[in-house]
Amino acid sequence: MGILQKWLLGFDNNSKFTFFVGNSLSMPNSSPIGIFDSGIGGLTLAHAITELMPQEPIIYFGDTAHLPYGDKSATAIQAYSVKICNLLLEKNCKLILIACNSASAAAFDLVKAYVGTKAIVVNVIDPVIDFLGEHMQSSTLGLIGTKQTVNSGIYARKASALNQDIQIKSLATPLLAPMIEEGFFSKTISEQIIREYLVQPELSDIDGLILGCTHYPLIKKQIEEFYQGKVEVIDTSQIVAREIKRILTEQDLLNVGSPGTRQFFVSDYTDSFEKSTQLFFGEKIKLTQYPIWD
Ligand code: DGL
């Protein structure tokens, strides 16, 4: 059993996460969790959250009009992220999750400053870094993600700040997100593309591989098959969902009572996006166009 699996099953429970202590939000527990991504990839996180906390109401926003963020400039991603956060604040979200590695890398600091004390802001990178600090000291880890995420160097910087002898070797894998979105996984062609990336020298001699894009949980199985148990494959969605539960519990903001409502908005609706929700959320969901950019 891998390190992540043991942790998720509670066999290793010595977590010492300590941020967001003493938040002074005065919001009802029934306020929603706001989740946003460049498109529908962040639904993997929305799904992990609803599995772990079925009571939580969620509002999801996929900025499909600007997909992919992975190839955009940091400035553009920052502008999109702030506008989306504004919408989620208008909808009284108690916590905003930036469910996109590219936006977490480019816009977290700005979004956090913008949101201030109106809501808790969580990105998808810090919980993973904390997990590495707790469970993967003195290891060499690979990271795959979009060009924006990899070129930002944020994982390597944050891992190095832990001072725990964690080395990060990274490779941008821009073909993977569109491939997954088109439903190309568990197929021979996707296996070849994944293999082509994983054999690159940038990812040689690693102990673990961080799936640094919210689309990648869908190809975790294929990646694990490639490594045949020799490399720990770190699916960040479950780590982030657990961290959100921890924060809401600590802040006494967990919703209790009947299961929460779920709303899913996109900035540009197409039938094809709606069809793909089945892949990312495990069931087909109704997407509603929200005219944020009009
Ligand atoms: N969801 C994005 C991420 O996690 C990948 C897709 C995109 O490039 O917009 O980085």
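Our subject is the structure that appears above.
Our subject in this report is the structure included herewith. (Residues numbered from 1 in each chain as written. Predicted model: local features only at pLDDT ≥ 70, side-chain atom pairs only at ≥ 80, totals over all residues. Heavy atoms only, no water.)

## A look at helix α4 (residues 101-115)
Item 1. The largest bend in α4 is about 70°, located at A107.
Item 2. Taken together, the buried positions of α4 are occupied by N101, S102, A103, S104, A105, A106, A107, F108, V111 and V115.
Item 3. In the segment just after α4, G116 is the residue with positive phi, at about 55°. (Bend = angle between axes of the 7 residues up to and from the residue. Helix = DSSP H or I, 4+ residues; strand = E, 2+ residues; numbered from the N terminus. Buried < 20%, exposed > 50% of the residue type's maximum accessible area, 1.4 Å probe, protein only.)

## Section: unusual backbone geometry
Item 1. With an omega of -5°, the peptide bond between L67 and P68 qualifies as cis.
Item 2. Relative to the elements of secondary structure, P68 occurs in the loop between β2 (58-62) and α3 (74-90).
Item 3. Of note, N163 is a non-glycine position whose phi angle comes to about 55°, a positive value.
Item 4. For N163, the location among the structural elements is in the loop between α7 (154-161) and β6 (167-172).
Item 5. Phi angles above zero are rare outside glycine, and D165 is one such case at about 55°.
Item 6. Relative to the helices and strands, D165 is located in the loop between α7 and β6.

## Some remarks on the sheet that holds strand β9 (residues 262-266)
Item 1. One open sheet accounts for 6 strands, arranged β4-β3-β1-β2-β9-β10; its pairing is parallel. The open sheet has two edge strands, β4 (120-123) and β10 (288-289), and neither has a second partner.
Item 2. In the packing of helix α11 (residues 236-250) onto the sheet, the strands contacted are β1 (33-37), β3 (95-98) and β4, and the crossing angle to β3 comes to about 165°. (Pairing = 2+ DSSP bridges. Contact = heavy atoms within 4.5 Å. Axes fitted to C-alpha atoms, helices over the stretch in contact; angles between N-to-C directions.)

## Considerations on the packing of aromatic side chains
Item 1. Tallying each qualifying case throughout the model produces 6 aromatic pairs.
Item 2. Summarising the aromatic geometry, the rings of Y60 and F264 are spaced 6.1 Å apart at their centres and angled 45° between planes, so their arrangement reads as tilted. Remark: F264 occurs in strand β9 and Y60 occurs in strand β2; sequence separation between them is 204 residues. The pair Y60 / F264 is uniform in exposure class, with both members buried.
Item 3. Arranged with centres 5.4 Å apart and planes meeting at 75°, the rings of F265 and Y290 form a pair that is edge-to-face. Of this pair, F265 sits in strand β9 while Y290 sits in the segment after β10, placing them 25 residues apart in sequence.
Item 4. On the basis of relative accessible area, F265 is assigned to the buried category, the value being 9%.
Item 5. A residue is classified by how much of its surface remains accessible, and Y290, at 23% relative accessible area, is partly exposed.
Item 6. Here the aromatic residues Y60, F264 and F281 are joined through ring pairs into a cluster of three or more.
Item 7. Sitting over the face of the ring of Y114, K118 holds its NZ or CZ atom 5.9 Å from the ring centroid. (Phe/Tyr/Trp six-rings, centres within 6.5 Å; stacked < 30°, edge-to-face > 60°. Lys NZ or Arg CZ within 6 Å of the ring centre and 35° of its normal.)

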